[in-house]
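Architecture at a glance
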Amino acid sequence: MKIVKKLAMSLMLMAGSLTFTFAISATDFANTFSASAVDSISDGLDDFSKELGFSIPQAAVQQNVYAEAFIGKIFPAVPPHFAVGIDAGLTHLNTSGLAKAADKLGISGVKDDLYLPVFNADIRIGGVIFPFDVGFSFMTLDVGKLNSMDVDFTAEYTTFAFDVRYAILEDGLLFPAVSVGGGYSVNKGSFGASNSNAEADVDFSVHTLYAQVQASKTLNIPVVKIGFTPFIGLRGLISNYTNDWSWKLKGAFATAVSNEALVAPSGKGSASSDGFGGFQPQIYGGLGFNFGFFQLTASICADLRHVGGDSGLWSSAFSFRFKM
């Protein structure tokens, strides 16, 4: 009985201590939460919103890369040429702006970098009469649970993209296939970090136009019926984005700031590109492995304007497709 009483007393003291600490923490937070803290939160979320304006487009367009610069015509052709498959990849995302804002909000665990996982489905159809092909890709995903953040983190996005390529040189005995093309993608989604006391969110909407040139050469090994298709390409992107951000304090923290500080416990803003702009030159390449009607493709892409520094904008992709 004495042991039970002692245990009950200890739990009551612990609960009282936690309540006291929580109250002091909220008050202390309010006393340090000044206009400069609000400015840091706004600057961080604004920087992260702008980062998404050129990171998200690369994640989208790198997921619809075919090894062949031109897959062939669907008519007249025997068999008709088309392909369908799935893609998975990673894009490096600089999240230091979000981490800066989260730190000022008392949200710990947001890292400065995230390798954003990407998954999508695509289809490509050969041209009719003329040597062109058309591709479509689509993805909608909640990858909040597939991240390395030590915090309650959300990441959701939907992408639709299409492109057209025209072969100025078809793959032959001596010469590689060379195509030129262009495409469009629309990307929408959100990122956010939160705990029981605060949250920060960014909703993004990015439209991207791009042009590219690609060269490839298929090499077959008839004995084992395996082929290899190395490829390389150059791509240029321009994007139009409107990314809205917001933050707020919750519960006792919001009340304490309202009572103690001379600033509001919430805020919102927007970062936009003011039309299409922000040219992004990219180089990409990789290797396709062909066996029968199937192809595995591995590729990598670097944004030449953001290849170094904090952004370090790199993407990789791995694709598995059925093709004819």
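Everything below is about the structure shown above.
For clarity, every value in this text was computed on a predicted model and none was experimentally measured.

Each value, and the rule that gives it
Residues numbered from 1 in each chain as written. Predicted model: local features only at pLDDT ≥ 70, side-chain atom pairs only at ≥ 80, totals over all residues. Heavy atoms only, no water. Helix = DSSP H or I, 4+ residues; strand = E, 2+ residues; numbered from the N terminus. Rg over C-alpha atoms; globule rule 2.2 N^0.38 Å. Buried < 20%, exposed > 50% of the residue type's maximum accessible area, 1.4 Å probe, protein only. Contact = heavy atoms within 4.5 Å. Areas by Shrake-Rupley, 256 points an atom, 1.4 Å probe, with all protein chains shown as cover. Salt bridge = Lys/Arg side-chain N within 4 Å of Asp/Glu carboxyl O. Axes fitted to C-alpha atoms, helices over the stretch in contact; angles between N-to-C directions. Parallel < 35°, antiparallel > 145°, perpendicular 65-115°, else oblique. Left-handed = near helix turned anticlockwise from the far one by under 90°. Phe/Tyr/Trp six-rings, centres within 6.5 Å; stacked < 30°, edge-to-face > 60°. Polar contact = N/O pair within 3.5 Å; in protein donor to acceptor, adjacent residues only side chain to side chain.

1. Digging into the overall build of the chain
From N to C terminus, the chain includes four helices and twelve strands. Relative to its length of 324 residues, the chain is extended, with a C-alpha radius of gyration of 26 Å against a globular reference of 20 Å. When the backbone C-alpha atoms are referred to their principal axes, the chain occupies close to 85 × 55 × 30 Å. Counting every position in the chain, which comprises 324 residues, the buried fraction comes to 46%. Intrachain contacts of the chain at a sequence separation of at least 6 include 72% that bridge at least 24 residues. Only carbon and sulfur atoms are counted for the fraction: they give 67% of the accessible area of the chain, which is about 15,500 Å².

2. Digging into the pattern of salt bridges
If you walk through the whole model with that rule in mind, you get ten salt bridges. E68 is the salt-bridge partner of K323, the closest N and O atoms lying 3.6 Å from each other. Within this pair, whereas K323 is found in strand β12 (residues 314-323), its partner E68 is found in the loop between α2 (35-61) and β1 (82-94), the two being separated by 255 residues in sequence. Put simply, D87 and R321 hold a salt bridge, and the shortest N to O gap is 3.0 Å. Of the two residues, D87 is situated in strand β1 and R321 in strand β12; the sequence distance between them amounts to 234 residues. A residue is classified by how much of its surface remains accessible, and R321, at 1% relative accessible area, is buried. Each member of the salt-bridge network shares a partner with another, and the members are R124, D133, D163 and R165.

3. Description of the packing of α2 against helix α3 (residues 96-104)
It is the contact of α2 with α3, at a shortest axis distance of 7 Å, that shows an interaxial angle of 155°. Taken together, the axes of α2 and α3 are roughly antiparallel relative to one another. Crossing hand, α2 versus α3: left-handed. Residues A37, S40, I41, D43, G44, L45 and F48 of α2 form the contact with α3, whose participating residues are G97, L98, K100, A101 and K104.

4. Section: the packing of aromatic side chains
Taken as a whole, this structure holds 14 aromatic pairs when the rule is applied. On the numbers, 4.9 Å between centres and 50° between planes, the contact of F29 with F253 is tilted. Residue F29 is found in helix α1 (residues 2-32), and its partner F253 is found in helix α4 (residues 251-260); the two are separated by 224 residues along the sequence. By relative accessible area, which is 8% here, F253 ends up buried. Ring plane angle 75° and centroid distance 5.7 Å describe the contact between F228 and F289, whose orientation is recorded as edge-to-face. Of this pair, F228 sits in strand β8 (residues 226-249) while F289 sits in strand β10 (residues 277-291), placing them 61 residues apart in sequence.

5. A few points about the side chain of R321
At a separation of 3.1 Å, a polar atom in the side chain of R321 contacts the main-chain carbonyl oxygen of V65. In this structure, R321 is in contact with Q63, N64, V65, Y66, V84, G85, D87, D122, F293, F294, Q295 and T297, ignoring residues within four places of it in sequence.

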